[in-house]
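So you can see what is in the structure, the chains are spelled out below.
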Amino acid sequence: MTEVGGSSSVGAIVGGAIVTDGNVTDAIVTGGAVSGGAVFGGIVVHGDKRGRQLGFPTANVSVAEGFEIPADGVYACWVSFPPETARHGATVSIGDNPTFDDVTDRRIEAFVHDLNADLYGRSVLVTIAARLRSMVRCDTLDELILRTKEDVERSRALLAGAVA
Ligand SMILES: Cc1cc2nc3c(=O)[nH]c(=O)nc-3n(C[C@H](O)[C@H](O)[C@H](O)COP(=O)(O)O)c2cc1C
């Protein structure tokens with residue numbers, strides 16, 4: 001299980017944002033660069049629910065104002081759900097999911113490793129550890145599933161090596 005608790009999960013506080021959403025009590029999200037990685041935060045919102053069918057259910061992040069969204073691509077990340085401090089490994093996809101013509105907006109989706117929880121409405125803080133690849137259009141669902149599986153394996157390996 002890729003989970004590391006404790007204050008070291010957040011690193012130096014270099015920025016902050018108040019994340020608010022109708023259903024959610026205001027939460028102060030403070031994040032800092034951990035090994036120089038970009039940090040952004042927001043609220044978990046509903047996606048199209050296709051991820052579960054693909055075998056990789058994702059938490060879709062509505063990024064809060066004031067954060068810059070990193071370039072489209074797939075990333076190995078740490079995520080936490082303030083006010084909880086535990087950090088979880090995740091593989092995050094950013095882009096308009098070019099495999100699916102009906103997706104026209106840019107989405108930030110986190111497949112959180114080893115966490116089976118209803119995260120909808122929770123505040124989330126994402127720290128990028130490494131960029132894995134660019135977003136691609138897959139010809140078949142099997143190809144997308146295979147690529148995602150490889151991403152998650154690489155992400156897990158990278159994050160396991162990154163734990164101090
Ligand atoms: C690790 C990972 C990599 C992904 N890579 C791609 C990709 O290269 N191309 C693409 O069209 N979608 C990619 N996706 C996004 C999936 O298409 C998306 O998660 C799926 O359609 C479920 O979306 P939903 O949560 O809105 O239902 C990726 C998702 C994950 C978690």
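Relevant structure appears above.
A brief report on the enclosed structure follows. All of these numbers come straight from a predicted model, not from anything done at the bench.

Moving on: the site of the ligand. Near the ligand lie 23 residues; those nearest to it are Arg 50, Thr 99, Glu 109, Arg 133 and Val 136. Contacts to the ligand include Lys 49, whose backbone N or O atom sits 2.8 Å from an oxygen atom. Arg 107 has a polar side-chain atom sitting 3.3 Å from an oxygen atom of the ligand. Compared with its free state, where it exposes 620 Å², the ligand has 99% of that area covered by protein. Considering only residue class, the shell around the ligand consists of seven nonpolar, nine polar and seven charged.

Take the pattern of salt bridges next. Within this structure, the stated rule accounts for 11 salt bridges. Between Arg 106 and Asp 72 there is a salt bridge; the shortest N-O distance is 2.6 Å. Note that Arg 106 is positioned in the loop between β7 (87–95) and β8 (107–112) and Asp 72 in the loop between β5 (59–63) and β6 (73–80), a separation of 34 residues in sequence. You can call Arg 106 partly exposed: its relative accessible area is 41%. Of the charged contacts, one joins Arg 133 and Asp 151 as a salt bridge, the two residues approaching to 2.8 Å between their closest N and O atoms. Of this pair, Arg 133 sits in strand β9 (residues 123–133) while Asp 151 sits in helix α2 (residues 141–162); the two residues are 18 residues apart in sequence, bridging distant segments of the chain. Using a relative accessible area of 5% as the deciding quantity, one classes Asp 151 as buried. Each of Asp 48, Arg 50, Asp 102, Asp 105 and Arg 107 takes part in salt bridges that share partners, so that together they form one network.

Within the secondary structure, Leu 159 sits in helix α2. In this structure the C-alpha to C-alpha distance between Leu 159 and Ala 130, which are 29 residues apart in sequence, comes to 8.8 Å. If we skip the residues at most four places from it in the chain, Leu 159 touches Ala 76, Cys 77, Trp 78, Gly 89, Ala 90, His 113 and Ala 129.

Rules and cut-offs
Residues numbered from 1 in each chain as written. Predicted model: local features only at pLDDT ≥ 70, side-chain atom pairs only at ≥ 80, totals over all residues. Heavy atoms only, no water. Near = heavy atom within 4 Å. Polar contact = N/O pair within 3.5 Å; in protein donor to acceptor, adjacent residues only side chain to side chain. Areas by Shrake-Rupley, 256 points an atom, 1.4 Å probe, with all protein chains shown as cover. Nonpolar A, V, L, I, M, F, W, Y, C, P; charged D, E, K, R; others polar. Salt bridge = Lys/Arg side-chain N within 4 Å of Asp/Glu carboxyl O. Helix = DSSP H or I, 4+ residues; strand = E, 2+ residues; numbered from the N terminus. Buried < 20%, exposed > 50% of the residue type's maximum accessible area, 1.4 Å probe, protein only. Contact = heavy atoms within 4.5 Å.

Distances and angles like these do not, on their own, reveal function.
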